Structures are given as structure tokens and as C-alpha cells.
Amino acid sequence: VVVLGARVGDESTPGFEIGASGARVVLWGLTVQDSYSYGLRLGSVVVTLADSRVLRSASIGAVVQSSAVFDADLALERTEITESTHTGVHVQNSRGYVRLIDSTVQDTQSTSDGLWGYGIAALNAGTVEATGSLVTRSAQQGLAIDGDGTTVTLVDSAVRDTQTQQAYGFECGIQAGAGAT
């Protein structure tokens, strides 16, 4: 499947969901904007998102959830994820994998109760690799890594300008929990 130059989004749109088990999808020039939930949600699928934008998601900008049987693999190439509320990019489970190449995750906001606000969250054995990418101006944590087997690799990339949340004080550029590398 190839989608070129599509726009998804308004207040009634949950986002762009791809969940065909084992499918391979390439999206160029996709804009997902103002979704009331996640911007892009992947389940058991391999997706390349290139030259695209995910803007102002009311929850997670891009969420990758694998299953016990199928991988969920997301490659973000020259893609911008901006102003998500909760988390910019979220990957979890041992078969979940995200690659960022020359991409930006920026201005992630906390939820209304002052929680989250993570640029990238890698949890429960998820894997993230970033090359030439930037995570900037996250409300609480630029990069949150937690759980046995969770792995994040940054090459020529930066996590910077994490904002201050006075109420909770959890702000930090990179936070690594037990079992994560």
C-alpha cells in the first residue's frame, strides 16, 4: 500500500490506524492533524512514513504496539511529530521497533493532569534507533526508557530543551529505568 499526499484529521478523527497483520505499508507526504486521540497507530505491521507530519494529536503522536506473533515496525524518515499531548512516539513490547532518520519530535505537552509530556517513550522491551534526529521541548521527559530488554540507540541525534513542569518536577532530557539500555 502506498499513500501519497493524504491529509487525515479534524476534531472527530481518531487518527490514522494501520493494523493489517504482517502488512508492509509505505506512506509519503502524509499529514495527520488535529486528531482527538492518537495521530498514527500501528499494530502488527511494518510501516515507513517519509516526508510526513503528525500535528497536534490529543494523545500520542505515533504509537507502535506489537503482538506476540507479529512485529510492529515504524520507520520515520524526514518526518515531524509536533504538539502531541501525552507522548510524541510510543513503542512497547519485545516486537515493537521504531527507527527515526532525520526526523523531529517536538513540543510534546503533558496531559491535563500534568502527567506524561514525553518526546519518546520506549517501554517493556521496545526498541528505538534514532539517527540524525531531534527530540526537543518535551514537557516532562525528552526520552523515557523503561523495562527489561528495552533498548534505545542515538546516533548523531539530540534530546534538548526539556521544559519545566513546576507541579511534578519530573523534567529531564533522558530517563532510563531498571533493565533498559
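Reading the values: the criteria
Residues numbered from 1 in each chain as written. Predicted model: local features only at pLDDT ≥ 70, side-chain atom pairs only at ≥ 80, totals over all residues. Heavy atoms only, no water. Helix = DSSP H or I, 4+ residues; strand = E, 2+ residues; numbered from the N terminus. Contact = heavy atoms within 4.5 Å. Areas by Shrake-Rupley, 256 points an atom, 1.4 Å probe, with all protein chains shown as cover. Salt bridge = Lys/Arg side-chain N within 4 Å of Asp/Glu carboxyl O. Buried < 20%, exposed > 50% of the residue type's maximum accessible area, 1.4 Å probe, protein only. 1 Å grid on protein atoms, 1.4 Å probe; cavity = no way out; pocket = protein on both sides within 12 Å on 5 of 7 lines; lining within 4 Å. Points joined across faces, edges and corners; volume = space filled by probe spheres on them. Nonpolar A, V, L, I, M, F, W, Y, C, P; charged D, E, K, R; others polar. pLDDT = per-residue confidence, 0-100. Phe/Tyr/Trp six-rings, centres within 6.5 Å; stacked < 30°, edge-to-face > 60°.

A. Spatial organisation of the overall build of the protein chain. From N to C terminus, the protein chain includes zero helices and 21 strands. Partitioning the intrachain contacts of the protein chain with sequence separation of at least 6 by distance along the chain shows that 62% fall at a separation of at least 24. When the accessible surface of the protein chain is split by element, carbon and sulfur atoms take 48% of a total near 7,800 Å².

B. View of the pattern of salt bridges. Taken as a whole, this structure holds five salt bridges when the rule is applied. Asp-73 is the salt-bridge partner of Arg-99, the closest N and O atoms lying 3.3 Å from each other. Within this pair, whereas Arg-99 is found in strand β13 (residues 96–101), its partner Asp-73 is found in strand β10 (residues 72–77), the two being separated by 26 residues in sequence. Judged by its relative accessible area of 25%, Arg-99 falls in the partly exposed class. Here Asp-107 ties to Arg-137 by a salt bridge, and the two come within 2.5 Å at their closest N and O atoms. Taken as a pair, Asp-107 in the loop between β14 (104–106) and β15 (118–123) and Arg-137 in the loop between β17 (134–136) and β18 (141–146) lie far apart in primary sequence, 30 residues in all. Judged by relative accessible area, which is 34%, Arg-137 ranks as partly exposed.

C. Inspection of empty space enclosed by the protein at higher detail. Tallied over the entire structure, the rule returns one cavity of 30 Å³ or more. Roughly 50 Å³ of volume is contained in the largest cavity. Residue lining of the largest cavity: Leu-100, Ile-120, Ala-130, Ser-133, Val-135, Leu-143, Leu-154, Ser-157, Ala-158 and Val-159, and that is the complete set. Taken together, the residues of the lining of the largest cavity break down into eight nonpolar, two polar and no charged.

D. Summary view of the side chain of Asp-107. The class for Asp-107 is buried, based on a relative accessible area of 17%. Excluding residues within four positions of it along the chain, Asp-107 makes contact with Thr-82, Glu-83, Ser-84, Thr-136 and Arg-137.

E. Highlighting the confidence of the model for the protein chain. Predicted confidence across the protein chain gives a mean pLDDT of 84, with 81% of residues reaching 70 or more. Per-residue pLDDT stays below 50 along residues 1–6; that stretch engages in 14 contacts with residues further than four places along the chain or on separate chains.

F. Inspection of the environment of Val-159 at higher detail. By the secondary structure assignment, Val-159 is in strand β20 (residues 158–160). According to the relative accessible area criterion, Val-159 is partly exposed, its value standing at 23%. The residues contacting Val-159, other than those within four sequence positions of it, are Val-135, Gly-142, Leu-143, Leu-154, Gly-173 and Ile-174.

G. Fine view of the packing of aromatic side chains. The full count for this structure, using the stated rule, is one aromatic pair. Ring geometry for Trp-116 versus Tyr-118: centroids 4.9 Å apart, planes at 50 degrees, classification tilted. When its relative accessible area of 18% is taken as the criterion, Tyr-118 is described as buried.

H. Looking closely at the environment of Val-155. By the element assignment, Val-155 lies in strand β19 (residues 151–155). Residue classification places Val-155 among the partly exposed positions, given a relative accessible area of 37%. Linking Val-155 and Glu-129, residues 26 residues apart in sequence, is a C-alpha distance of 7.9 Å. Not counting the four nearest positions on each side in its chain, Val-155 is found in contact with Ala-130, Thr-131 and Gly-132.

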